[in-house]
Amino acid sequence: MIPDVDSRISFAVPMSDSLAADFALLKDTPFYAAEQNDKNKFSAKSVEKLAQYIAGRHYANVCFELVHLCWAIVNTGDEQSVFNYFYIDEAVTARRMQHFFTAIGPDACKLARASVQLQSPASHGASAGSASLHIAIHEHRFIIHSSRVNVLSTCMEWLVTIVPNVFERVYQQLSGNGFNAIQTLALSLQKDIYEYLSVHLPPAKAQAKFHHMSQWLNDKKADSGFTDEHILRYWCDARGREGSEKFTTVVLDVFQYQEARAQAAHSRALSFSEDADPQAIDERTFVAIETVWAQQIPLDSLSESPKLISKQQAQRLSLLADYPQQSWRFAQTVLRFNVFGGFQGACIQARRNRQLANHHFVLPTANHYAEQTQKFRAQIELNELTFFAVLHILLKQDPDKGKELLAANAHALNRIANAADSLPPSKMLSQAALIAQLLTQPALLEKCKRAYQQNNRQGFTPPTELQDHQLYVDSTLALMQISDTLRKLLEKNRHLFASQDMLKQKYQSDGFIFSSELKQRMME
Amino acid sequence: MNLHTAPLDERIFIALQAYEQIKYAALDQASNQRLSFTDIVSCVRCPDLPRSIRTLTIVNQRLDYRRKYRFILLQMSTLQSPQQVAASSNERLLQRNEAQFSIQIIENDKPIRGLKEDASVKIVLTLSESTEHNMRERAYLHCETDSKIEVVECQAGGGDRFSAVLAHDDLRMVALSDVNSHMYVTFT
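First, a word on what this report is: a plain description of the structure on this page.

## A closer look at the overall build of chain B
Then, in step 1: If you tally the helices and strands in chain B, you get 5 helices and 8 strands.
Then, in step 2: For chain B, the proportion of contacts with a sequence separation of at least 24, taken over those separated by at least 6, is 61%.

In structure tokens form, the structure reads like this:
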């Protein structure tokens, strides 16, 4: 065991209860007066985006944008306009924003040589989401797209919680004033956020953790980073260190470490020089972080309506969904995460209930690694059936969306055709023609129909089918990404997954390590 | 620690760690006493909903929430009756007269049908002149003292009057008849 640099240092990354609670509340805030198709006041995507801005310390742009929106509201209204906009009119969606500024009219701005105008594309059927607010203050121009209003409103809600007197400040600083006032207020809000995060989300522990992992790898002379065995050994070496007790936590830490190293190397490869400008540094950091987040597959939404996977299935897939690029390289870690992460969880729960006993550390005899492998394979098959069921719904209700779903899975058209025992599409045809040909195959249509009839989950029965067809498309695309990740995991690690004996051997040897390690930690 | 001087991989790691924390933040038992600003606005707009009653209980436990509640009242309420400075603090205030409205507290020794208590109190809000508020179904009287906020729902009684009946020992009576209380009226 490598001696710790300082075993007293806790690696429990602190986030204050109030920050945690504020974000939990954001996810579940209803409209006061919900209209058709309104769900929560702040969409999951908006809350996630704000979380990314906060976590990435990249909130300058969103503050600047929000202050512009407030400027437009204040200078076309009165002292209560900002409050009314966000909390009485609740103009926090594209449609409501369009309605609000349409009602105000194009000449409402009270400043000379300034204007606030809502512009929509002239085409028929243009949605509210395509409108934009054009702000002109002397020679300064700024455009806010209506699709941004929800994330800006989410930011406003959070600021109202953490910044005192924000409404009064907004009115006093912006009313009758120009661009300089916008800049000043935006900077001031950034400062407030910086000070708040210094207390509620201090980075020091995360930094210490990063250094410790780097040092540990250095001591192991592991230049290429962590392996499956390194991760297990690192967890064992972290015995007694707060914040690293759970194997699952250590796995997530390591994956984030690996991602951080990979993204930094990629970013350095693209840049010619290291920028010293803080804003440029922020930008590069955030671009790198966004790349990681963009790869994550949104698993939570797949358990809602339309329900594509169960919560239990989601739990099994969480590591793969959050780190699809890392997971397939750490096949044994994925198995350990699911099997022994659960094993440790059960021990922790027993300890909480003051019922922890020796039998909790006895390894179950069933080959749980083989079981996990079987479940992964079954998930791929089930996802395929779900795909066909969704296709059936879309072809029935919105054929264009059905074609869109197939087009988005163009790389898998052959496999889709094979799965439905349909003729494989001809390679000589364009993608649109291939899809059109596929949709004429009776075997495919029959497969879709049967898959739909066998699916009784929320969103797949006539009374529960949703009007929002895009939701079916988006969710199914995410589901197909899960399948692709699972296939890659199984195919790239055939040496492990193809052999029952290998799985059994690995399970037993890992089981010995986990059960003895946990027993030492929790009973002795 | 100055994040700007840390190496890029370290900054990315710190952000990923923070995002993991925020993304999976859940409202646990200890923090479910926390309110969003939207929660408090909804409570002011419609105080008689069960959710609003729970929210008001939490508002009354924290000074910063009461400040927010008061701010929202100031945005939404055009009818206010401030602390009655001319009255003695020992007086039990049974009438307030403002330019646009008056509030009367009528103590009734006779039981009102439907109330179990022997005696009751009638709260009458009378608007001074015809305004848009005459057409409203309900008025809410928000009564703020130093330590808490009480709300009484008054039903439209025809014309310019809204009224409510409270039991004599209703805890809200303390705030309603307190000379130091500040009253706001909102409508729905």
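## Here we look at the packing of helix α10 (residues 228-237) of chain A against helix α23 (residues 500-523) of chain A
All names here are of chain A.
Then, in step 1: α23 packs onto α10 with a crossing angle of 15° between their chain directions and a minimal axis gap of 11 Å. Between α10 and α23, the interaxial angle falls into the category roughly parallel. The chirality of how α10 crosses α23 is left-handed. Contact residues: Leu232, Trp235 and Cys236 in α10; Asp510, Ile513, Phe514, Glu517, Leu518 and Arg521 in α23.
Then, in step 2: For the contact of α10 with α23, the class distribution of residues is 6 nonpolar, no polar and 3 charged.

## Description of the state of the cysteines
Then, in step 1: On inspection of all chains with the given rule, the structure shows 0 disulfides over all chains.
Then, in step 2: Free of any disulfide, cysteine 63 of chain A has its nearest cysteine sulfur in cysteine 155 of chain A, 5.3 Å distant.

## A short note on the interface of chain B and chain A
Then, in step 1: Residue-level contacts link 41 residues of chain B with 64 residues of chain A.
Then, in step 2: For the pair chain B and chain A, the two sides together bury roughly 4900 Å², of which 65% comes from carbon and sulfur.
Then, in step 3: On the chain B side of the interface with chain A, the three residues burying the most area are Phe13, Tyr19 and Ile22 of chain B, jointly 14% of the side's total.
Then, in step 4: When the shortest N-O distance is used, the salt bridge between arginine 34 of chain B and aspartate 22 of chain A registers 2.6 Å.
Then, in step 5: Where chain B packs against chain A, one counts 17 residue pairs in polar contact (both at pLDDT 80 or more).
Then, in step 6: Among the elements of the structure, α1 (8-23), α2 (37-45) and α4 (63-76) of chain B are those that each provide at least two residues to the side of chain B that touches chain A.
Then, in step 7: Residue contributions to the side of chain B that touches chain A peak at 16 residues, all from α1 of chain B.

## Looking at the environment of leucine 439 of chain A
Then, in step 1: Position of leucine 439 of chain A relative to the elements: it lies in the loop between α19 (431-438) and α20 (442-453).
Then, in step 2: Considered as a pair, leucine 439 of chain A and asparagine 493 of chain A are 54 residues apart in the sequence and their alpha carbons are 35 Å apart.

## Things to note about the packing of aromatic side chains
Residue and element names in this part refer to chain A.
Then, in step 1: This structure, assessed with the given rule, holds 39 aromatic pairs over all chains.
Then, in step 2: Pairing phenylalanine 226 with tyrosine 234 gives two aromatic rings, centres 5.8 Å apart and planes at 80°, and the pair type is edge-to-face.
Then, in step 3: With centroids separated by 4.6 Å and ring planes inclined at 5°, the aromatic side chains of phenylalanine 340 and phenylalanine 514 adopt a geometry described as stacked. Residue phenylalanine 340 is located in helix α15 (residues 331-352), and its partner phenylalanine 514 is located in helix α23; the two are separated by 174 residues in the primary sequence.
Then, in step 4: Here phenylalanine 340 falls in the buried class, since its relative accessible area comes to 1%.

## Structural notes on the sheet that holds strand β2 (residues 132-137) of chain A
Paired through their backbone hydrogen bonds, the strands of a sheet run either parallel or antiparallel.
Residues and elements named next belong to chain A.
Then, in step 1: The 3 strands lie next to each other as β1-β2-β3, forming an open sheet whose pairing is antiparallel. What marks the edges here is a single partner per strand, and that holds for β1 (114-119) and β3 (140-145). Put simply, the sheet's adjacent strands are angled 15° from each other on average, direction ignored.
Then, in step 2: Bridge analysis of β1 against β2 gives 6 bridges, and the strand direction is antiparallel. Residue pairing for β2: serine 115 is matched across the bridge by alanine 136.
Then, in step 3: Relative to β3, helix α3 (residues 60-74) is tilted by about 100°, and along the sheet it contacts β1, β2 and β3.

## Some points on the pattern of salt bridges
Residue and element names in this part refer to chain A.
Then, in step 1: In this structure the tally under the stated criterion is 26 salt bridges over all chains.
Then, in step 2: Here arginine 450 makes a salt bridge to glutamate 446, at a shortest N to O gap of 3.8 Å. Taken together, the residues span about one helical turn, with arginine 450 and glutamate 446 both in helix α20 at a distance of 4 residues.
Then, in step 3: Relative accessible area serves as the criterion here: at 40%, arginine 450 is assigned to the partly exposed category.
Then, in step 4: Under the relative-accessibility criterion, glutamate 446 is labelled partly exposed at 37%.

## Some details on a positive patch on the surface
Residue and element names in this part refer to chain A.
Then, in step 1: A cluster of basic side chains, namely Arg329, Lys488, Lys492 and Arg494, defines a positive patch on the protein surface.
Then, in step 2: Turning to its location among the elements, arginine 329 is positioned in the loop between α14 (324-327) and α15.
Then, in step 3: When its relative accessible area of 47% is taken as the criterion, arginine 329 is described as partly exposed.

## Structural notes on the nonpolar core
Nonpolar side chains in soluble globular proteins tend to be buried together.
Then, in step 1: Ranked by internal contacts, the top residues of the largest apolar core, which has 188 residues, are Leu69, Phe86 and Trp158 of chain A.
Then, in step 2: With 11 residues, the top contributor of residues to this core is helix α16 (residues 368-397) of chain A.
Then, in step 3: Those residues in contact with leucine 69 of chain A that lie beyond four places of it in its chain are Tyr85, Phe86, Met97, Phe101, Leu133, Ile144, Val149 and Leu152 of chain A.
Then, in step 4: Among the nonpolar cores identified, the runner-up in size contains 22 residues, and Ile105, Cys143, Phe162 and Val185 of chain B belong to it.

## A few points about the sheet that holds strand β4 (residues 120-127) of chain B
Residues and elements named next belong to chain B.
Then, in step 1: Overall, antiparallel pairing links the 8 strands, which are arranged β1-β8-β5-β6-β7-β4-β3-β2 in an open sheet. Each edge of the open sheet carries a strand with a single partner, namely β1 (79-81) and β2 (95-97). Taking the axes of each pair of neighbouring strands and ignoring which way they run, one obtains an average angle of 25° across the sheet.
Then, in step 2: Where strand β5 (residues 138-144) and strand β8 (residues 182-187) come together, 6 bridges link them in antiparallel fashion. Following the sheet pairing, tyrosine 140 is matched in β8 by threonine 186.

## Observations concerning the pairing of strand β7 (residues 161-167) of chain B
Residues and elements named next belong to chain B.
Then, in step 1: Of the strand pairs in this sheet, β4 and β7 are connected by 7 bridges, and their pairing is antiparallel. Counted as the bridge partner of threonine 126 is arginine 161 from β7.
Then, in step 2: Two strands pair when backbone bridges link them, and strand β6 (residues 149-156) and β7 are joined in this way by 2 bridges, in the antiparallel orientation. Following the sheet pairing, glutamine 155 is matched in β7 by serine 163.
Then, in step 3: Once β6 ends, the chain turns through 4 residues before running back antiparallel as β7, passing glycine 158 with a positive phi of about 95°.

Criteria and cut-off values
- Every chain's residues receive numbers from 1 upward, in the order its sequence appears when written.
- All chains are assigned letters beginning at A, and all ligands numbers beginning at 1, according to the order in which they are written.
- Restriction of local features to residues with pLDDT of at least 70 applies here, the model being predicted, together with a cutoff of 80 or more for giving and counting side-chain atom pairs; totals for whole chains, interfaces and linings are based on all residues.
- In computing side-chain properties, one takes all heavy atoms of the structure into account and sets aside hydrogens as well as water.
- Strands are runs of DSSP state E lasting at least two residues, helices are runs of H or I lasting at least four, and both sets are numbered from the N terminus onward.
- Note on definitions: a residue-residue contact is assigned when non-hydrogen atoms from the two residues lie within 4.5 Å.
- Convention adopted: a line fitted to C-alpha atoms gives each axis, helices being fitted over their contacting stretch, and angles between N-to-C directions are expressed from 0 to 180 degrees.
- Roughly parallel means an angle under 35 degrees; roughly antiparallel, over 145; roughly perpendicular, 65 to 115; everything else is oblique.
- By the definition used in this description, the sense in which the near helix is turned from the far one sets the handedness, with an anticlockwise turn below a right angle giving left-handed and a clockwise turn giving right-handed.
- By the convention adopted, Pro, Cys, Tyr, Trp, Phe, Met, Ile, Leu, Val and Ala count as nonpolar, Lys, Arg, Asp and Glu as charged, and the other residues, Gly among them, as polar.
- Cysteine sulfurs are considered disulfide-paired once they come within 2.5 Å of each other.
- What counts as buried area is the accessible surface, traced by a 1.4 Å probe, that two parts surrender upon association, with contributions from both included.
- Each salt bridge in this description consists of a side-chain nitrogen of Lys or Arg and a carboxyl oxygen of Asp or Glu lying within 4 Å of one another.
- Whenever a nitrogen or oxygen atom comes within 3.5 Å of another N or O atom, the pair is scored as a polar contact, on the condition that within protein one atom can donate a hydrogen and the other can accept it, and that pairs from neighbouring residues in sequence are kept only if both atoms are in side chains.
- Within 6.5 Å between ring centres, the rings of Phe, Tyr and Trp (the latter by its six-membered ring) count as paired, and their orientation is classed by plane angle as stacked under 30 degrees, edge-to-face over 60, tilted in between.
- Accessible area is worked out with a 1.4 Å probe on protein chains only. A residue is then buried under 20% of its type maximum, exposed over 50%, and partly exposed in between.
- Here, any two strands with at least 2 DSSP bridges between them count as paired.
- Note that patches include only residues with greater than 30% relative accessible area and no salt bridge, and the join distances are 9 Å for like charges and 5 Å for nonpolar side chains (Val, Leu, Ile, Met, Phe, Trp, Tyr).
- Accessible surface area values rest on a Shrake-Rupley calculation with a 1.4 Å probe, where residue burial reflects the displayed protein chains alone.
- The charge count includes Lys and Arg as positive and Asp and Glu as negative, but it does not include His or the ends of the chains.
- Throughout, a charge is located at the NZ atom of Lys, the CZ atom of Arg, the CG atom of Asp or the CD atom of Glu.
- Put simply, a nonpolar core is a bunch of buried Ala, Val, Leu, Ile, Met, Phe, Trp, Tyr and Cys residues held in one set by side-chain atoms that sit within 4.5 Å of each other.

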